[in-house]
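# An overview of the molecular structure
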2 protein chains.
Amino acid sequence: MTQVFNFSAGPAMMPKAVLEQAQAELLNWQEQQTSVMEVSHRGKLFIELITQADKDFRELYNIPENYKILFLQGGARGQFAAIPMNLIGEKGKALYLTSGHWSATAAKEARLFCEIDEINILEQSDTLKVANLDFSNVAEQYDYVHYCPNETISGVEIFDVPNVGNSVLVADMSSNILSREIDISKFGIIYAGAQKNLGPAGITIVIVREDLIGKARKSTPSIWNYEVQAKSDSMINTPPTFAWYLCSLVFKHLLKEGGVKAVEQRNQAKAKLLYDYLDQSEFYRNTVAIENRSLMNITFTTGNDELNAKFVKDATANGLQALKGHKVLGGMRASIYNAMPIEGVQALIAFMQKFAEENK
Amino acid sequence: MTQVFNFSAGPAMMPKAVLEQAQAELLNWQEQQTSVMEVSHRGKLFIELITQADKDFRELYNIPENYKILFLQGGARGQFAAIPMNLIGEKGKALYLTSGHWSATAAKEARLFCEIDEINILEQSDTLKVANLDFSNVAEQYDYVHYCPNETISGVEIFDVPNVGNSVLVADMSSNILSREIDISKFGIIYAGAQKNLGPAGITIVIVREDLIGKARKSTPSIWNYEVQAKSDSMINTPPTFAWYLCSLVFKHLLKEGGVKAVEQRNQAKAKLLYDYLDQSEFYRNTVAIENRSLMNITFTTGNDELNAKFVKDATANGLQALKGHKVLGGMRASIYNAMPIEGVQALIAFMQKFAEENK
């Protein structure tokens, strides 16, 4: 049996050790002879689980005490709506920095709920590049400034944190949360859908500075009202318990594997391997500026649509799954989130070499 | 090892056969050598899964062709907000029939988004009873009429469908969906959180008549906009894929077990056994009127708080889990959803007899 590596952009690979544990105890969690899916979220054992998950996630990501961690439903796109409702109250204005599909989609959704301004921060010449990140002169007229530090479709990552002066910085980290160390204190809110680095699809983590809680407009659905959810430990309604449980296992797994510092080193090594190969190749190319190359989503193309299609087909046949690029961009995309081992990247490069030889 | 029966009100028991299948294929779904959690929701195999799930659910519940089935996030409480946004547009008024905690909570949330009137339909004398269900003289002045046909906390179920004339009837069936045959065509919208009869917590099913789609107010979050979600097959964002997969297995399981007609017969038999025992007992009592006794949640008390606490503790020690009543009501509650086998009810009655003997 060929070993399979799954490069899906999300829902994405999960750590094998986590899935194996979930499998082993799926019908008998904590010796209860029931599944973790079947127990009350208000029961003693589940409360212990979420208390430990909060503790582990804080330790892992170095989250200061003046931030609450909420585990919500609705995905990042739910938060696209929830953020203006929670931060602007009845009337206000936000600034959206757009650098690709997801930041633009967040801005579009926000317009349903408040007035916004948009600044396109992506420079498109030979390469995709985000140059200027200083918004200190304009930011303070806004209730918050939103950006997306990793655009999964193009593979553009913003490593420096935008300077927004004393305004509130909000980041959609769905695709790069826990991938490298960051200074949480620079952010007002960090949010992320789980299905790339945290767990399965269906749970959304919101890290919110406490002073930003309590400003929601009246017409905020209670499941997204940060004050309501902070007061009820994210249990104003039945939470997605199984997804929460899986996140808790991922946190434990990452702590055991050396924490985010070690994760970052592995991610750097994996990405370097693939970008170095791309840079010396005359057959494939990546068009992102070196300083904005994503550690998580690496896009490349042969420059020929037919050849790209053949690449994806042959790769799949060789156990390298889900390498097709997003339809708006075409080409290929290798999503190498935390759970992708370096062996997956090595296998991909070996295949790329062989494919280039045979098709040049 | 004692056999365990889990009477949790939700998240509740799931069919063992479903959990066993999920366990067996957790790391290798459809021979892909990946988990169903790890694959793209837009991939061929997952699209086949949801297409079959739609077909199976329609067949199972006899859903007419002019209804769409949406699989959303946010629980029933999310829909408490989404329903006024979708049905009332910018301005309008709804009628909420309240019969207990959940219908009242739905009304409270709706007030954040629209004007409503409330009618308490629960009569409280010696027994809890819902008598009058004819609202045909007032209903048509409202954009919709909302009710909850099964109140889990008190164990009050409304078997007849309210007469709302030509108005739109909306039902929160979180705790009794798929438990008995119903005439879907009498409803505008039926919605349900999954965690009682459909699957795990974290997915919400909305069955909506097509002519009600397309009326949402501008400020409706796109993940809850029925038009947006109907057009994108409930995939405007990454759906909770694993929860959807489990629902699909539950549908297949129920079809194999004889469909909803057979489910209903089993549920009637289970409930009759327990109510018959309660009615002849001088030690326990249930205070719901016979015509409103829930098939899903059966409440009872010894009339003595200390004795109730002892009952719950001893029952747990005997493998009969989660029998404690909701904190607002006290006493005991046996939730016997579709997945509870009759053996669970028999074991409960045997324990109740023994406990009564020893403590009378």
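A quick note: this is a predicted structure, and the numbers were derived from the prediction, not measured.

### Some remarks on the nonpolar core
Core analysis: the biggest nonpolar cluster contains 130 residues, and A:F57, A:Y61, B:F57 and B:Y61 have the highest contact counts within it. If sequence neighbours within four positions are ignored, A:Y61 has contacts with A:M173, A:N176, A:I177, A:L178, A:R180, A:I182, A:I184, A:I207 and A:V260. Counting 63 residues, the second largest nonpolar core, distinct from the first, contains A:Y144, B:L70, B:A110 and B:F113.

### Thoughts on the pairing of strand β10 (residues 169-172) of chain B
Residues and elements named next belong to chain B. Side chains of β10 alternate between two faces, with L169 and A171 and V170 and D172 buried alike. Examined bridge by bridge, strand β7 (residues 144-147) and β10 share three bridges and lie parallel to one another. By the bridge assignment for β10, V145 is matched with L169. Here β10 runs beside strand β11 (residues 189-193); their pairing, made up of three bridges, is parallel. Of the residues in β11, the one forming a bridge with D172 is Y191.

### Some details on the domain arrangement of chain A
For an interface, size is often stated in terms of accessible area lost upon the parts coming together. All names here are of chain A. Domains assigned within chain A are domain 1 (18-256) and domain 2 (258-359). Once you take the C-alpha centre of each, domain 1 and domain 2 turn out to be 27 Å apart. Facing the 28 residues of domain 1 at the interface are 25 residues of domain 2. Here domain 1 meets domain 2 over a buried area of about 2,200 Å², counting both sides, of which 53% is carbon and sulfur. Across the contact surface, domain 1 and domain 2 share two salt bridges. Among the salt bridges present, the one from K261 reaches E181, with a minimum N-O distance of 3.8 Å. If you look at where domain 1 meets domain 2, you find 18 residue pairs in polar contact (both at pLDDT 80 or more). Of all the secondary-structure elements, those providing two or more residues to the side of domain 1 that touches domain 2 are α2 (44-61), β6 (128-130), β9 (156-157) and α6 (241-256).

### Thoughts on the interface of chain A and chain B
At the interface, 58 residues of chain A touch 58 residues of chain B. Taken together, both faces of the contact between chain A and chain B bury some 4,500 Å²; the carbon and sulfur share is 59%. Counting the contacts that link chain A with chain B gives zero salt bridges. Counting across the chain A and chain B interface gives 19 residue pairs in polar contact (both at pLDDT 80 or more). Mapped onto the side of chain A that touches chain B, the elements with two or more residues apiece are α1 (16-24), α3 (75-88) and α6 of chain A. For the side of chain A that touches chain B, the residue count by class is 27 nonpolar, 24 polar and seven charged.

### A few points about the pattern of salt bridges
In total, this model carries 32 salt bridges over all chains according to the counting rule given. One salt-bridge network, held together by shared partners, links A:K93, A:E115 and A:D117.

### Considerations on the relation of the copies chain A and chain B
Overlaying chain A with chain B gives an RMSD of 0.0 Å, the required rotation being 180 degrees about an axis along which the chain moves by 0.0 Å. Both copies of the chain, as the preceding transformation shows, are related through a two-fold rotation axis.

Rules and cut-offs
- Residues numbered from 1 in each chain as written.
- Chains lettered and ligands numbered in written order.
- Predicted model: local features only at pLDDT ≥ 70, side-chain atom pairs only at ≥ 80, totals over all residues.
- Heavy atoms only, no water.
- Core = buried A, V, L, I, M, F, W, Y, C linked by side-chain atoms within 4.5 Å.
- Buried < 20%, exposed > 50% of the residue type's maximum accessible area, 1.4 Å probe, protein only.
- Contact = heavy atoms within 4.5 Å.
- Helix = DSSP H or I, 4+ residues; strand = E, 2+ residues; numbered from the N terminus.
- Pairing = 2+ DSSP bridges.
- Domains from an automatic or database assignment.
- Buried area = accessible area lost by both parts, 1.4 Å probe.
- Salt bridge = Lys/Arg side-chain N within 4 Å of Asp/Glu carboxyl O.
- Polar contact = N/O pair within 3.5 Å; in protein donor to acceptor, adjacent residues only side chain to side chain.
- Nonpolar A, V, L, I, M, F, W, Y, C, P; charged D, E, K, R; others polar.
- Least-squares fit on C-alpha atoms with pLDDT ≥ 70 in both.

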